[in-house]
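These are the residues of each chain, in order.
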Amino acid sequence: MMIQLLAGDIGGTKTILRLVEANGSDLQSCPADKVALNTLYENRYPSADYADLVPMVEQFLTEAKETVGEAQPQTACFAIAGPVTQNCSQLTNLAWLLNGERLAEALSLDNVQLINDFEAVGYGVLGIEADDLETLQEGQPNPTSPIAIIGAGTGLGQGYLINLDNQYHVFPSEGGHADFAPRSEIEFQLLRYLLDKHSITRVSVERVVSGQGIISIYQFLRDRNFVSESEEISEIVRTWEQKAGQRSQVADPAAAIAKAAKARSDRLSVRTMEIFIAAYGAEAGNLALKLLPFGGLYVAGGVAAKNLDLIKEDFFISAFNDKGRMNRLLEQVPVHVVTNQSVGLIGAALKASRL
């Protein structure tokens, strides 16, 4: 018997909903990561146009019914860009207070599960195809070993999967808030710059390994006169600095810096991305040391996917493996970049199948 499931990726700016179909007997007889899910209908909506998730889902299901003829999901899982506690979430950048039980009742669903968006990525790596990955290091895969996930975006997400009874279970982590560990003289100077600039007593790794981190590294190199800046990137960064309360209305400096680095059109941007990618690889290596994820370490998040050519250069994987006596051990860890930006939706659908 075929059953329908509803998956969602809920963000402050946009929400993507997907109606999927799965074989009900498969859900009972095999691990969720082996379940074949067929997408029936998908659409995206501006989150701020709706007072709550319920009217959005109702509109989606009406549209889906008109398109595929039937839209009656039994369970749903929504990935939330924010913390989830006891199946409830207050979105960080949206005035929505979501409660799984309330949503299930309002939408006439058997079960609704809310999960953090990076937890959804954890489930998603189980459901993506080989074409959705770019392998940085083949390693020596072990299908029973832990899997690690790391992803730089607005912040730095981390998590892991453990194989229990032939089924992977996803666990969250707040590893992105661990201390930034400088490895070179220039990184020690970057640490001191950030401490002074923000009047703080410690620097978390996500202050460096994130979209904001790219900007911070650029500002550090500029302010300390390491490399001269080009007029074009200088204007973008300074406009962003001046528009502190209106930054959503100006160009993203991190994207501009990465683009200039890829084109080799700005020396300061090139050096910024070299430092950023090396720090990213080093932190991924730290995570690998703690988990020994011979099931694979997956680099997710928009920063890696959008800067794949730069990530594929030697800075990331060299820093990943540069762990002294543990170097050869980390060379055995498979390292992949997730290029499918729907990995969170895939994960939410897989989680819904487990309900």
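The written sequence of each chain sets the order in which its residues are numbered from 1. Per-residue local features of the predicted model are confined to residues with pLDDT of at least 70, and side-chain atom pairs are confined, for both listing and counting, to 80 or more; whole-chain, interface and lining totals are unaffected and use all residues. Hydrogens are left out, water is left out, and the side-chain values use all remaining heavy atoms of the structure.

**Some words on the overall build of the chain**
Each helix and strand counted, the chain has 14 helices and 13 strands in total. Compactness check: the chain gives a C-alpha radius of gyration of 21 Å against a globular reference of 20 Å for 355 residues, within 12% of the reference. If one aligns the C-alpha atoms of the chain with their principal axes, the spans along those axes are about 65 × 45 × 35 Å. Each of the 355 residues in the chain was classed as buried or not, and the buried ones make up 51%. In what follows, residue pairs with any heavy atoms lying within 4.5 Å of each other are defined as contacts. Taking all contacts inside the chain whose residues are at least 6 apart in sequence as the whole, residues at least 24 apart take part in 69%. Looking at the chain as shown, the accessible area adds up to about 16,600 Å², and 46% of this sits on carbon and sulfur atoms. Put simply, the chain has 29 plus and 43 minus side-chain charges, and the middle of one group is 8 Å from the middle of the other. Secondary structure elements follow DSSP: runs of H or I no shorter than four residues count as helices, runs of E no shorter than two count as strands, and numbering proceeds from the N terminus. Radius of gyration: over C-alpha atoms. The globule rule applied is 2.2 Å multiplied by the number of residues raised to the 0.38 power. Here's how the labels work: a residue is buried when its accessible area is under 20% of the maximum for its type, exposed when over 50%, partly exposed in between, all with a 1.4 Å probe on protein chains only. Using a 1.4 Å probe, accessible areas were evaluated by the Shrake-Rupley method; residue-level cover was limited to the displayed protein chains. All tallies of charge rest on Lys and Arg as positive and Asp and Glu as negative; His and the ends of each chain are not included. To locate a charge, the coordinates of NZ of Lys, CZ of Arg, CG of Asp or CD of Glu are taken.

**Quick look at the nonpolar core**
Take the buried residues of types Ala, Val, Leu, Ile, Met, Phe, Trp, Tyr and Cys, join any two whose side-chain atoms come within 4.5 Å, and each joined set is a nonpolar core. Counting residues in each nonpolar core, the largest one holds 59 residues, and the members touching the most others are Phe276, Tyr280 and Leu297. Looking at this core, the element that brings in the most residues is helix 9 (residues 267-291), giving 12 residues. Each residue touching Leu297, except ones within four places of it in the same chain, is listed here: Ala148, Ile150, Ala284, Leu287, Ala288, Phe320, Val333, Pro334, Val335 and His336.

**Here we look at the sheet that holds strand 1 (residues 2-10)**
Strand pairing requires that DSSP identify at least two bridges connecting the strands. Spatially, 5 strands are ordered 3-2-1-4-7 in an open sheet, and the strand pairing comes out mixed. Across the chains shown, the open sheet's two edge strands, defined by having one partner strand only, are strand 3 (38-46) and strand 7 (111-116). Shown here is a sheet whose adjacent strand axes are inclined to one another by a mean of 15°, direction ignored. Where strand 4 (residues 75-80) and strand 7 come together, 6 bridges link them in parallel fashion. Each residue of the ladder has a partner; that of Phe78, found in strand 7, is Leu114. To obtain an axis, a line is fitted to C-alpha atoms, over the contacting stretch when the element is a helix, and the angle between two such axes runs from 0 to 180 degrees between their N-to-C directions. Along the sheet face, helix 2 (residues 53-68) touches strand 1, strand 2 (14-23), strand 3 and strand 4 and points at about 135° away from the line of strand 3.

**Thoughts on the pairing of strand 4**
With 6 of 6 residues buried, strand 4 is to be regarded as a mostly interior element. Judged by which residues are buried, strand 4 turns out to be covered on both faces: Thr75, Cys77 and Ala79 on one side and Ala76, Phe78 and Ile80 on the other are all buried. In terms of strand pairing, strand 1 meets strand 4 through 6 bridges, oriented parallel. Counted as the bridge partner of Leu6 is Ala76 from strand 4.

**Considering the sheet that holds strand 9 (residues 147-152)**
Judged by pairing direction, the sheet is mixed, and its 6 strands sit side by side in the order 8-13-12-9-10-11 without closing on themselves. Each of the sheet's edge strands pairs with one partner strand only, and the pair in question is strand 8 (133-137) and strand 11 (167-173). Averaged over all pairs of adjacent strands, the angle between strand axes in this sheet comes to 25°, irrespective of strand direction. The sheet contact formed by strand 9 and strand 10 (residues 156-164) spans 6 bridges and is antiparallel. Pairing of Ala148 across the sheet is with Tyr160, part of strand 10.

**Here we look at the environment of Glu105**
Locating Glu105 in the fold gives a position in helix 3 (residues 100-106). For the pair Glu105 and Ser342, spaced 237 residues apart in sequence, the C-alpha separation works out to 27 Å.

**A look at helix 9**
A helix is expected to reach a length of 1.5 Å times the quantity of its residues less one. Taking 1.5 Å as the rise per residue, helix 9 with 25 residues should run 36 Å; its terminal C-alpha atoms sit 37 Å apart, in good agreement. Within helix 9, 19 of the 25 residues are buried, leaving the element largely enclosed by the surrounding structure. Directly beyond the C-terminal end of helix 9, a positive phi value near 45° is found at Leu292.

**Notes on unusual backbone geometry**
Positive phi is not limited to glycine here, since Asn87 has a value of about 60°. Among the secondary structure elements, Asn87 is positioned in the loop between strand 4 and strand 5 (88-90). The backbone of Asp165 shows a phi angle near 55°, a positive value even though the residue is not glycine. With respect to the helices and strands, the residue Asp165 is situated in the loop between strand 10 and strand 11. Accessibility expressed as a relative area gives 78% for Asp165, which makes it exposed.

**Overview of the packing of helix 7 (residues 231-242) against helix 8 (residues 253-263)**
Running from N to C, helix 7 and helix 8 cross one another at 165°; their axes reach a closest spacing of 9 Å. Between helix 7 and helix 8, the crossing angle belongs to the class labelled roughly antiparallel. With respect to the hand of their crossing, helix 7 and helix 8 are arranged in left-handed fashion. Packed against helix 7, whose contacting residues are Ile233, Ile236, Val237 and Trp240, the element helix 8 presents Pro253, Ala256, Ile257 and Ala260 at the interface. Throughout, the term roughly parallel applies to angles under 35 degrees, roughly antiparallel to angles over 145, roughly perpendicular to angles from 65 to 115, and oblique to all others. Helix crossings are classified by the rotation of the near helix relative to the far one: an anticlockwise turn of less than a right angle makes the crossing left-handed, while a clockwise turn makes it right-handed.

**Some thoughts on the side chain of Ser269**
Counting through the fold element by element, Ser269 comes out in helix 9. Residues contacting Ser269, with those up to four places away along its chain left out, are Tyr218, Ile233, Ile257, Ala260 and Ala261.

**Structural notes on the pattern of salt bridges**
What makes a salt bridge here is a side-chain nitrogen of Lys or Arg within 4 Å of a carboxyl oxygen of Asp or Glu, nothing more. In the structure shown here, the tally under the stated rule is 12 salt bridges. Across the pair Arg183 and Glu187 runs a salt bridge whose closest N-O atoms are separated by 3.6 Å. A residue is classified by how much of its surface remains accessible, and Arg183, at 38% relative accessible area, is partly exposed. Glu187 gets classed as buried once you look at its relative accessible area, which sits at 4%. A salt bridge links Arg271 to Glu274, with the shortest nitrogen-to-oxygen separation between them at 3.2 Å. Within this pair, Arg271 and its partner Glu274 are both found in helix 9, separated by 3 residues, close to a single helical turn. Salt bridges here are not isolated pairs; linked through shared partners, they connect Arg222, Asp223 and Glu241.

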